[in-house]
Amino acid sequence: MNTATQSVEQASAGARLLGLLAQDLPPDRLTSDPLRTAPYATDRSGAPSGGEPLAVVHALRTDDVSTVLRHANALGVPVVPRGAGTGLSGGATAGESSLVLDLSRMNRIVELAPDDQLAVVEPGVVTADLDLAAAAHGLRYAPDPASAALSTIGGNIATNAGGLRCAKYGVTRDSVLGLEAVLADGTVVRTGRRTVKGVAGYDLTALLTGSEGTLAVITGATVRLRPVPVATATLAAWFATFADAADAATAITAAGIEPALAELLDGPVLDAIDAAEGTSLRRRGAALLIVQCDGAGARAEAERVVAVLEERATSLTVAADDTEADALLAARRLALPALERQGRPLIEDIAVPRSRLAEAVRGIAEISARRGVPVFTLAHAADGNLHPIIVVDASLPELPEAAWEAAGDIFALALRLGGTLTGEHGVGTLKRQWIAEELGAENHALQRRVKAAFDPRGILNPGKAV
């Protein structure tokens, strides 16, 4: 089929789909005005989509999602599920002739069960809002992405998001007990359970978590809640070099200490935060490591961390109270917004074995120097997850070749150290060209067969992940 014929057929299928949706959905659910659909073409990554979407459906209930997928599948129209659009790998970009399924209005906390320490939520619930609702019962939702104030539970599940507390409490998958999802043909399925344990059948809940909207569309989730720690202790340590800070973070793990979080920021990131917020973080050192311990033994555990760091750090401060601790963590959460003010960030997301964190840091510095590309790096140091960020001129129509070369070198470095090219952001479109190298031919082929079993016509978020 030639390109012109294919375009005509796509346009015809799109028009027929819009007609069916206008007939089957309330008027406020469907948007086809180009001015209103254009923002859905990309996500926070800034990755280009190659066109503008056909329309946006603002789903309010599972039936809306089922109706959309049933018609789209029959007509072969691609569908891109989307939450808040805070993804950093291009996973929610919607190209030409695709239909966006916006789930952000499905934002109810359906149930909060303190005795069972769980909640049942719709996918559009904002992560921080669930955490706040759980706090009223002395509980919290443990996954803590830096974008918690904006990102949604559905988006977190789609990418298996991590965050600041994941070293101790795990990533999103570790807090998802069950799901309601709609398959490509509109069939509604329920996976998992409400119990902490359960091994009946294949673990479809774990499979769908992290599948980036390519296997099914999440319309509900039963998630695990955990007690709010009775105490926390937070400290900040500055270092002469970023590599010294990485070595110190590895030493904490080697000492058998399991902090709730250990966040690492290099000098250029500190400079960006200072410029954006009027702080003076960079003045105290070339790298900052923020560590928080929690639980009944938080203070004693923090003292052990101090013992590990005090001979390595150039400066060390233990937060006097929660206000001071919150200010430190707020600085970490402001890192990406600060870098976004300087240009378009290409945000990488590699993870390496924790013992090789310092090697990764040194390797990134070498790549930056060799390619002549500035790299800003921050990390969830306690689990070896690094975010090397290349910031380019936002006015450029596409990323410079040197930026792509540096990104490729960083991915190769991660794999060489026994790591992965994505720890928590997902593959999306930005990393898809490297995924086969990590998975290997047999694994990659198997994953594509899984995709075909769930989505035979390939309508769900095509061109993403595998």
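Since this is a predicted model, take the numbers as computed values, not measurements. (Residues numbered from 1 in each chain as written. Predicted model: local features only at pLDDT ≥ 70, side-chain atom pairs only at ≥ 80, totals over all residues. Heavy atoms only, no water.)

(A) Just empty space enclosed by the protein, in detail. The full count for this structure, using the stated rule, is one cavity of 30 Å³ or more. When its volume is computed, the largest cavity comes out at roughly 40 Å³. Lining the largest cavity, in full, are Ala249, Ile252, Thr253, Pro259, Ala262, Ala381 and Ala382. In terms of residue class, the lining of the largest cavity is built from six nonpolar, one polar and no charged. (1 Å grid on protein atoms, 1.4 Å probe; cavity = no way out; pocket = protein on both sides within 12 Å on 5 of 7 lines; lining within 4 Å. Points joined across faces, edges and corners; volume = space filled by probe spheres on them. Nonpolar A, V, L, I, M, F, W, Y, C, P; charged D, E, K, R; others polar.)

(B) Representation of the side chain of glutamate 424. Within the secondary structure, glutamate 424 sits in the loop between α14 (401-416) and α15 (432-439). For the buried residue glutamate 424, which engages in no salt bridge, the nearest side chain bearing the opposite charge is arginine 332, 5.8 Å off. At a separation of 3.3 Å, a polar atom in the side chain of glutamate 424 contacts the main-chain amide nitrogen of glycine 162. Contact partners of glutamate 424, with chain neighbours within four places excluded, come to Thr159, Asn160, Ala161, Gly162, Gly163, Asp349, His380, Asn385 and His387. (Helix = DSSP H or I, 4+ residues; strand = E, 2+ residues; numbered from the N terminus. Buried < 20%, exposed > 50% of the residue type's maximum accessible area, 1.4 Å probe, protein only. Lys, Arg positive; Asp, Glu negative; His and termini not counted. Salt bridge = Lys/Arg side-chain N within 4 Å of Asp/Glu carboxyl O. Polar contact = N/O pair within 3.5 Å; in protein donor to acceptor, adjacent residues only side chain to side chain. Contact = heavy atoms within 4.5 Å.)

(C) Quick peek at the pattern of salt bridges. Counted according to the given criterion, the structure contains 21 salt bridges. For aspartate 131, the salt bridge identified is with arginine 165, shortest N-O distance 3.9 Å. Residue aspartate 131 is found in helix α4 (residues 127-135), and its partner arginine 165 is found in the loop between α5 (153-159) and α6 (166-169); the two are separated by 34 residues along the sequence. When its relative accessible area of 23% is taken as the criterion, aspartate 131 is described as partly exposed. Between aspartate 409 and arginine 370 there is a salt bridge, and its shortest N-O distance comes to 3.2 Å. Separated by 39 residues along the polypeptide, aspartate 409 in helix α14 and arginine 370 in helix α13 (residues 357-371) bring together distant segments of the chain. Judged by its relative accessible area of 46%, arginine 370 is partly exposed. One salt-bridge network, in which partners are shared between bridges, spans Glu366, Arg370, Arg371, Glu405 and Asp409.

(D) Seen up close, α4. What α4 keeps buried is the set Thr127, Leu130 and Ala134. Looking straight down α4, one finds its buried side chains confined to an arc of 65 degrees; they lie on one side. The elements touched by buried residues of α4 are β5 (109-113), β6 (118-121), β7 (139-140), α5 and β10 (217-224). (Arc of directions from axis to C-beta.)

(E) Quick peek at helix α8 (residues 242-254). Taking 1.5 Å of rise per residue, 13 residues should cover 18 Å, and α8 covers 19 Å from first to last C-alpha, within 8% of that figure. Here α8 has its buried residues at Phe242, Ala243, Ala245, Ala246, Ala248, Ala249, Thr250, Ala251 and Ile252. Count one or two residues on from α8 and you reach glycine 256, which has phi positive near 80 degrees. (Expected span 1.5 Å × (residues − 1).)

(F) Expanded view of unusual backbone geometry. The phi angle at serine 97 is positive, at roughly 70 degrees, despite the residue not being glycine. Even without being a glycine, glutamate 212 presents a positive backbone phi close to 60 degrees. Within the fold, glutamate 212 resides in the loop between α7 (204-208) and β10. Judged by its relative accessible area of 8%, glutamate 212 falls in the buried class.

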